[in-house]
Amino acid sequence: MQVYVRKEIQAFEYVSFTEFKNEDELDFCCEKLKKYVSVVKSWSSKIGKFCIVEKDILTPIDYCPFCGAKIEYISVE
């Protein structure tokens, strides 16, 4: 699964990452992850990755916790 990420710098020190989508929807590796992302606010704009959220703790993921597919974060300028 490929996720396109754009780094934004605001003010002098504040850096955030936005999930960049083309006109097409993001191709999720599995329906479970797609459903999880739609229900739980799992995108972290601070680190630019999807996260698993447990009791307000964000754990960034590089692999889908449901099917094990690698999530590749691609920087877009």
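What you see is a predicted model, and the numbers here were worked out from it, not measured in a lab. (Residues numbered from 1 in each chain as written. Predicted model: local features only at pLDDT ≥ 70, side-chain atom pairs only at ≥ 80, totals over all residues. Heavy atoms only, no water.)

Participant: Go over the packing of aromatic side chains, please, and point to the residues and values.
Facilitator: Inspection of every chain in the model, using the stated rule, returns 3 aromatic pairs. Aromatic side chains F28 and F50 sit 6.4 Å apart centroid to centroid with 50 degrees between the ring planes, which places their arrangement in the tilted category. Taken together, the residues span a long stretch of sequence, with F28 in the loop between β2 (14–20) and α1 (31–39) and F50 in strand β4 (residues 49–54) at a distance of 22 residues. Centroid distance Y36 to F66: 6.1 Å. Interplanar angle 55 degrees. Geometry classified as tilted. With Y36 in helix α1 and F66 in the loop between β5 (57–60) and β6 (72–76), this residue pair connects regions lying 30 residues apart in the sequence. A relative accessible area of 17% places Y36 in the buried class. We classify F66 as partly exposed; its relative accessible area is 39%. Here a set of aromatic residues connected by ring pairs shows up, and it is made of F28, W43 and F50. Against the face of Y63 rests K70, its NZ or CZ located 5.3 Å from the ring centre. (Phe/Tyr/Trp six-rings, centres within 6.5 Å; stacked < 30°, edge-to-face > 60°. Helix = DSSP H or I, 4+ residues; strand = E, 2+ residues; numbered from the N terminus. Buried < 20%, exposed > 50% of the residue type's maximum accessible area, 1.4 Å probe, protein only. Lys NZ or Arg CZ within 6 Å of the ring centre and 35° of its normal.)

Participant: I'd like to hear about the pairing of β5, residue by residue, with values.
Facilitator: When β4 meets β5, the two strands line up antiparallel, connected through 4 bridges. Bridged to E54 within β5 is I57. Linking two consecutive strands that pair antiparallel, namely β4 and β5, is a turn of 2 residues; a positive phi of about 50 degrees is found at K55 within it. (Pairing = 2+ DSSP bridges.)

Participant: How would you sum up the nonpolar core? Please name residues and give values.
Facilitator: In summary, soluble globular proteins display a tendency toward joint burial of nonpolar side chains. M1, V3, F50, I71 and Y73 are the most contacted members of the largest nonpolar core, which totals 14 residues. For this core, the secondary-structure elements that each account for two or more residues are β1 (2–10), α1 and β4. Sequence-distant contacts of Y73, that is, excluding residues within four places in its chain, are made with V3, V5, W43, G48, K49, F50, I61 and D62. (Core = buried A, V, L, I, M, F, W, Y, C linked by side-chain atoms within 4.5 Å. Contact = heavy atoms within 4.5 Å.)

Participant: Before we move on, can you summarise the sheet that holds β5 with the specific residues and values?
Facilitator: Spatial strand order, β3-β4-β5: 3 strands in an open sheet with antiparallel pairing. Every interior strand has two partners, whereas the edge strands, β3 (43–44) and β5, have only one. Both β3 and β4 contribute to a ladder of 2 bridges, which runs antiparallel. What sits directly across from W43, in β4, is F50.

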